Amino acid sequence: MTPHRLRLGVNIDHVATIRNARGGDHPDPVRAAEIVAAVGGDGITAHLREDRRHIRDSDLARIQAATGLPLNLEMAATEEMLAIALAHKPHAACIVPEKREERTTEGGLDAAGQHNRLAPIVSRLADAGIRVSLFIAADERQLEAAIRLRAPAVEFHTGDYAHATGEQRAIELKRIADMAALAAKNGIEPHAGHGLTFDNVQPIAAIPQLAELNIGHYLVGEAVFTGLADAVRQMRELMDAAR
Ligand code: PXP
């Protein structure tokens, strides 16, 4: 089987984290979205967290208006987020577990344990034409729950794979590969993301059934290094020209 092209969704949350550190408008995640579109990114991913620590409500419409790229809204399964998703109608909504005190989304969604809470949210998003994915661990019980919930897509949490080394990494990789194959066999589109870097992305990208990767923190961090030289040069030029 020839693998189809793997889509890259770029999570721009941490551009907003840097913006919010000073409380102003710079750097604007919308400008990041425009750059992603200009270089052939396939989608923009943004997580509107309950505490609004990075993306804000007012960013969503601006991101949607700025590029023709599909927006994948990561959201907790709450009435507040459901109302926001229904108002904005992103292309996709990825339901994630969310704890206020966590630094980032730590584990997968307990789709198996929370079926009754998730079912109405998944169906209301689907009725609005929003493509739902569930952010779950690469675990058969969770995948079966996603099938029962009729989610068209799942995103496998690659955090354990990214943090593992040696033999354990190979075990985590196999788990994701096996679950991606099982998802595809059941008509669910498998995605993956979390903690992916230049060093660890390729074994994941080689899993033929995966259709999409969502990558954020590493890309924004790396962009600091690839962009800093130009920014310093430009500042130097402006200072010199002012004399
Ligand atoms: N996918 C999901 C569902 C996430 O919650 C996140 C983090 O917000 C990512 C992908 C991107 O992870 P990272 O920022 O580690 O690349």
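Given the structure is predicted, the values throughout are model-derived calculations rather than measurements.

Participant: When you look at the packing of helix α2 (residues 29-38) against helix α3 (residues 57-66) in this model, what are you seeing that I'm missing?
Facilitator: Between two packed helices, what matters for the description is the angle formed by their axes and the separation of those axes. Put simply, α2 and α3 touch, their axes get as near as 9 Å, and they point 25° apart. By the angle between their axes, α2 is roughly parallel relative to α3. Our pair here, α2 against α3, has a crossing hand that is right-handed. For the pair α2 and α3, contact is made by Pro29, Val30, Ala33 and Glu34 and by Asp59, Arg62, Ile63 and Ala66, respectively. Of the residues in the contact of α2 with α3, the class split is five nonpolar, no polar and three charged.

Participant: Looking at this structure, how should I read the nonpolar core?
Facilitator: Soluble globular proteins: nonpolar side chains tend toward being buried together. Formed by 59 residues in total, the largest nonpolar core has its most connected members in Ile95, Leu125, Leu134, Phe156 and Ile204. Setting aside anything within four residues of it in sequence, one finds isoleucine 204 in contact with Thr158, Tyr161, Leu173, Ile176, Ala192, Leu196, Leu210 and Leu213.

Participant: Would you mind showing me how to read the side chain of asparagine 72 here?
Facilitator: Relative to the assigned elements, asparagine 72 resides in strand β3 (residues 71-75). In this structure the side chain of asparagine 72 is engaged in a polar contact, spanning 3.2 Å, whose partner is the side chain of threonine 45. Excluding its chain neighbours within four sequence positions, the residues that come into contact with asparagine 72 are Ile44, Thr45, Ala46, Ala92, Ala93, Cys94, Glu212 and Asn214.

Participant: How do you make sense of a nonpolar patch on the surface when you look at a structure like this?
Facilitator: Taken together, the side chains of Val224, Phe225, Leu228 and Val232 define a hydrophobic patch exposed on the protein surface, amounting to about 400 Å² of accessible area. Tracing the chain through its elements places leucine 228 in helix α10 (residues 217-241).

Participant: Where do I start with the packing of aromatic side chains in this structure?
Facilitator: How two aromatic rings sit relative to each other is given by the distance of their centres and the angle of their planes. Scanning all chains against the criterion turns up one aromatic pair. Geometrically, the ring pair formed by phenylalanine 198 and tyrosine 218 is edge-to-face, given 5.0 Å between the ring centres and 80° between the ring planes. You can see phenylalanine 198 sitting in the loop between β7 (189-193) and α9 (201-205) and its partner tyrosine 218 sitting in helix α10, a full 20 residues away along the chain. Here the guanidinium or amino end of arginine 169 rests over the ring plane of tyrosine 161, the centre of that ring lying 5.0 Å away.

Participant: Help me understand the sheet that holds strand β4 (residues 92-95) in this model?
Facilitator: By definition, the strands of a sheet pair up through backbone hydrogen bonds, in either a parallel or an antiparallel sense. Overall, parallel pairing links the eight strands, which are arranged β1-β2-β3-β4-β5-β6-β7-β8 in a closed barrel. Neighbour-to-neighbour, the strand axes of the sheet open up by a mean angle of 25°, direction not taken into account. Examined bridge by bridge, strand β5 (residues 131-136) and strand β6 (residues 153-157) share four bridges and lie parallel to one another. Of the residues in β6, the one forming a bridge with isoleucine 136 is phenylalanine 156. Packing of helix α8 (residues 166-185) onto the sheet brings it into contact with β6 and β7, and relative to β6 it is tilted by some 175°.

Participant: What is the right way to read α3 from this model?
Facilitator: Residues that lie three or four places apart on an α-helix share one face, since the helix turns once every 3.6 residues. Of the positions making up α3, those classed as buried are Asp59, Leu60 and Ile63. Taken down its axis, α3 places every buried residue within 105° of arc, on the same side. For α3, the elements touching its buried residues are α1 (13-22), α2, β2 (43-47), β3 and α4 (79-88).

Participant: Any chance you could explain the pairing of β3 here in plain terms?
Facilitator: Buried residues dominate β3, accounting for five of its five residues. The alternating pattern of β3 places Leu71, Leu73 and Met75 on one face and Asn72 and Glu74 on the opposite face, and all of these are buried. Pairing of β2 with β3 involves four bridges; the strand directions are parallel. Bridged to threonine 45 within β3 is asparagine 72. What joins β2 to β3 is α3, and the crossover it makes is right-handed. Regarding the hand of the β-α-β motif, the stretch spanning β3, α4 and β4 is right-handed.

Participant: Help me understand the site of the ligand in this model?
Facilitator: Residues in contact with the ligand amount to 14 residues; listed here are only the nearest, Glu74, Glu155, Gly195, Gly216 and His217. In the environment of the ligand, an oxygen atom lies 3.1 Å from a nitrogen or oxygen atom belonging to the side chain of glutamate 74. Between the ligand and glutamate 155, the relevant distance is 2.5 Å, taken from a nitrogen atom to a side-chain nitrogen or oxygen of the residue. Against a free-state accessible area of 400 Å², the protein chains account for coverage of 94% of the ligand.

So, how was this worked out
Residues numbered from 1 in each chain as written. Predicted model: local features only at pLDDT ≥ 70, side-chain atom pairs only at ≥ 80, totals over all residues. Heavy atoms only, no water. Axes fitted to C-alpha atoms, helices over the stretch in contact; angles between N-to-C directions. Helix = DSSP H or I, 4+ residues; strand = E, 2+ residues; numbered from the N terminus. Parallel < 35°, antiparallel > 145°, perpendicular 65-115°, else oblique. Left-handed = near helix turned anticlockwise from the far one by under 90°. Contact = heavy atoms within 4.5 Å. Nonpolar A, V, L, I, M, F, W, Y, C, P; charged D, E, K, R; others polar. Core = buried A, V, L, I, M, F, W, Y, C linked by side-chain atoms within 4.5 Å. Buried < 20%, exposed > 50% of the residue type's maximum accessible area, 1.4 Å probe, protein only. Polar contact = N/O pair within 3.5 Å; in protein donor to acceptor, adjacent residues only side chain to side chain. Patch = residues over 30% accessible without salt bridge, like charges linked within 9 Å, V, L, I, M, F, W, Y side chains within 5 Å. Areas by Shrake-Rupley, 256 points an atom, 1.4 Å probe, with all protein chains shown as cover. Salt bridge = Lys/Arg side-chain N within 4 Å of Asp/Glu carboxyl O. Phe/Tyr/Trp six-rings, centres within 6.5 Å; stacked < 30°, edge-to-face > 60°. Lys NZ or Arg CZ within 6 Å of the ring centre and 35° of its normal. Pairing = 2+ DSSP bridges. Arc of directions from axis to C-beta. Right-handed = clockwise from strand over helix to strand, strands pointing away. Near = heavy atom within 4 Å.

These values are about where atoms sit, not about what they do.
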